[in-house]
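Structural description and commentary
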Amino acid sequence: MATYSERNSAPVPTSIIIAKDGQSLNPNWADIVIPSTSTSDETYINQAINDLPAAGGKITLLEGIYTIDGSILPLSNVTIEGNDYSTEIRVMDNINAHVYMLDMNAKTNVTIKNLKLNGNKTNRVGGNQECIRLINCSYCNIEKVYCTDVFTCAIEASGTTYSEYKNCIFVNTASTSRADIYLTAACNWNIVTGNIIYNSSQPGIYLHTNTCYNLVLNNIINTVTVGVDMLTNSNYNVIVGNFIDNATSYSLYSTNCSRNIISNNNIIRGVYGIYWIGGEYNVINENRIALSNQHGMFIQSAPNNQISSNFVSEVSQQTNNTYDCIIIDSNSDSNNVQANTCRRGSLANQARFGINVANANCDTNLVTNNDLLNSGVTGSLNDAGTGTVTAAGNRL
């Protein structure tokens, strides 16, 4: 394929416009017009990327459906921008191969924005298809991208730092393995904000193993298995202001993660509201949890955490008088549980206890200044722990 310089007598610009023949409204604006019969449009797009000067530049995709059977490979300092969601990059029908629609390895300062990515899983034969993969990248920006019909995950990032994933929409994605937004292997110092995630059979946002110092802010996550999932040594993260509804398993799940802030999240209709196993020195405060099928907040083997000013109500919807608004379970010691409000509500199924310190091996927890009025069918506060401090009192 001829380079831009070979096709045009003018010097290579820092911006190249691409159109799809028969679909783009003004193909005469374009530097490159992809034939309407092409099903390997990534070939033309990659050539345009390589035609940009060494310092980078911008690829603009006009409206139309760009069909691919391989990966688009952005380079450092390159922006790929569509004409909002009227620009669609779609995996070809009957694909039987692994395809990362946009694939970046060890790149920096890449921006992908204002376009739609369609994994076309409805018409796939085999292989795994993902929207965007970033490996060991930095300072990248994924903004206003609509991801849909993806077989594996929408965004996979490994070892990627100082990047932002914002104002994207994920619908009918992550059918198998991983998550809609999957950050793993020391993906540190990233921002995940303003995204809408709907109808996924996997977690919405997954901070997987040693993924630290990230901000997960103001996302809407609905009808997923787990809203926000955090795995081993994902520490020092801030999970704030998210709306998580109708998680079919855990709304917010953490295993062996420490020194995180979980605050001001609105969590409704999950099996569990917050399910926290292991980890210490976390702050879990000012969350609103309602209508959980089982426990509103479940804390196990997790010492030295602050659990404060949460409002938990109308839990145990699966079975009446069986699950608690807040349960402190097995080997959860020296936690500060204060100023929480718990209510059993008036629905047919109601919480067993407002706060339940469930085991004798829960030692020296401070449980005080909580408002537990009418919070449990069996009782407002159950203390089976050892050395629990309740001296300042709770409203029961």
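This text goes with the structure placed above it.
All of these numbers come straight from a predicted model, not from anything done at the bench.

Here we look at the overall build of the protein chain
Broken down by element type, the protein chain carries two helices and 37 strands. Referenced to the eigenvectors of the C-alpha coordinate spread, the extents of the protein chain come out at roughly 85 × 40 × 30 Å. Within the protein chain, counting contacts between residues at least 6 apart in sequence, those at least 24 apart form 61% of the total. Across the protein chain, the 20 positively charged side chains and the 30 negatively charged ones have centroids separated by 4 Å.

Here's the deal with the packing of aromatic side chains
Enumeration over the complete set of coordinates arrives at 13 aromatic pairs. Centroid distance Y85 to Y146: 5.3 Å. Interplanar angle 70 degrees. Geometry classified as edge-to-face. Taken together, the residues Y85 in the loop between β5 (78-82) and β6 (87-91) and Y146 in strand β10 (residues 141-148) connect sequence positions 61 residues apart. Taking the centre distance of 5.2 Å and the plane angle of 10 degrees together, the rings of Y139 and Y162 count as stacked. Of this pair, Y139 sits in the loop between β9 (129-135) and β10 while Y162 sits in the loop between β11 (155-158) and β12 (164-166), and the two are 23 residues apart along the sequence. The class of Y162 is partly exposed, set by a relative accessible area of 42%. Ring pairs connect the aromatic residues Y139, Y162, W189, Y213 and Y236, which therefore count as one cluster.

A word on the pattern of salt bridges
Enumeration according to the criterion identifies 13 salt bridges in this entry. A salt bridge links D41 to K20, with the nearest nitrogen and oxygen atoms 2.7 Å apart. You can see D41 sitting in helix α2 (residues 41-51) and its partner K20 sitting in strand β1 (residues 15-20), a full 21 residues away along the chain. Judged by its relative accessible area of 1%, K20 is buried. E88 is paired through a salt bridge with K116; the nearest N and O atoms lie 3.8 Å apart. Of this pair, E88 sits in strand β6 while K116 sits in strand β8 (residues 111-118); the two residues are 28 residues apart in sequence, bridging distant segments of the chain. Three or more residues joined by partner-sharing salt bridges are found here, namely E88, R90 and K116.

As for the sheet that holds strand β14 (residues 181-184)
What the 12 strands build is an open sheet, ordered β7-β9-β11-β14-β17-β20-β23-β26-β29-β32-β35-β37; its pairing is parallel. Whereas interior strands pair on both sides, the edge strands pair on one side only; in this sheet they are β7 (99-105) and β37 (379-383). In this sheet, neighbouring strand axes are inclined to one another by 10 degrees on average, regardless of whether the strands run parallel or antiparallel.

Points about α2
Across the 11 residues of α2, eight count as buried, placing the element largely inside the fold. Buried residues of α2: D41, E42, I45, N46, Q47, A48, I49 and D51, and no others.

Re a nonpolar patch on the surface
On the surface, Y139, Y162, W189, Y213 and Y236 cluster together to form a nonpolar patch covering roughly 560 Å² of accessible area. With respect to the element layout, Y213 can be found in the loop between β17 (205-208) and β18 (215-217).

Structural notes on the nonpolar core
If you look at soluble globular proteins, the nonpolar side chains tend to sit buried side by side. Of all hydrophobic cores here, the largest spans 83 residues; its most connected members are I18, I80, L117 and I132. Ranked by residues supplied to this core, first place goes to β7 with four residues. By size, the runner-up hydrophobic cluster in this structure holds eight residues, among which are V226, V271, Y275 and I277.

What to know about unusual backbone geometry
Most of the time, phi is negative for any residue but glycine, and the peptide bond is trans. A positive phi is found at N210, a non-glycine position, where the angle reads about 60 degrees. Despite not being glycine, N264 shows a phi value in the positive range, around 55 degrees. Position of N264 relative to the elements: it lies in the loop between β24 (261-263) and β25 (266-268).

Some details on the environment of G278
Structurally, G278 can be placed in the loop between β26 (272-277) and β27 (283-285). The exposure class of G278 is buried, given its relative accessible area of 3%. In sequence terms G278 and T255 are 23 residues apart; their C-alpha atoms lie 5.7 Å from each other. Those residues within four positions of G278 in sequence are excluded, and the remaining contacts are N256, C257, Q300, S301 and A302.

Re the side chain of T160
Within the secondary structure, T160 is located in the loop between β11 and β12. By relative accessible area, which is 0% here, T160 ends up buried. Among the polar contacts made by the side chain of T160, one reaches the main-chain carbonyl oxygen of L134 at a distance of 3.2 Å.

So, the state of the cysteines
Each disulfide is one covalent bond, formed between the sulfur atoms of two cysteines. Inspection of every chain in the model, using the stated rule, returns zero disulfides. Not part of a disulfide, C131 finds its nearest cysteine sulfur in C147, a span of 3.6 Å. This cysteine, C362, is not joined by any disulfide, and C342 carries the nearest cysteine sulfur, 16 Å off. Classification of C362 as buried rests on a relative accessible area of 0%.

A few points about the pairing of β26
Where burial is concerned, most of β26 is hidden: six out of the six residues are buried. Two elements, strand β23 (residues 250-255) and β26, share five bridges in a ladder whose sense is parallel. Bridged to S254 within β26 is W276. As defined by bridge partners, β26 adjoins strand β29 (residues 297-300) across four bridges and the pair is classed as parallel. Looking at β29, one finds that Y275 is bridged to F298.

Reading the values: rules and limits
Residues numbered from 1 in each chain as written. Predicted model: local features only at pLDDT ≥ 70, side-chain atom pairs only at ≥ 80, totals over all residues. Heavy atoms only, no water. Helix = DSSP H or I, 4+ residues; strand = E, 2+ residues; numbered from the N terminus. Contact = heavy atoms within 4.5 Å. Lys, Arg positive; Asp, Glu negative; His and termini not counted. Charge placed at Lys NZ, Arg CZ, Asp CG, Glu CD. Phe/Tyr/Trp six-rings, centres within 6.5 Å; stacked < 30°, edge-to-face > 60°. Buried < 20%, exposed > 50% of the residue type's maximum accessible area, 1.4 Å probe, protein only. Salt bridge = Lys/Arg side-chain N within 4 Å of Asp/Glu carboxyl O. Pairing = 2+ DSSP bridges. Axes fitted to C-alpha atoms, helices over the stretch in contact; angles between N-to-C directions. Patch = residues over 30% accessible without salt bridge, like charges linked within 9 Å, V, L, I, M, F, W, Y side chains within 5 Å. Areas by Shrake-Rupley, 256 points an atom, 1.4 Å probe, with all protein chains shown as cover. Core = buried A, V, L, I, M, F, W, Y, C linked by side-chain atoms within 4.5 Å. Polar contact = N/O pair within 3.5 Å; in protein donor to acceptor, adjacent residues only side chain to side chain. Disulfide = S-S within 2.5 Å.

Function-wise, these values are silent; they only describe arrangement.
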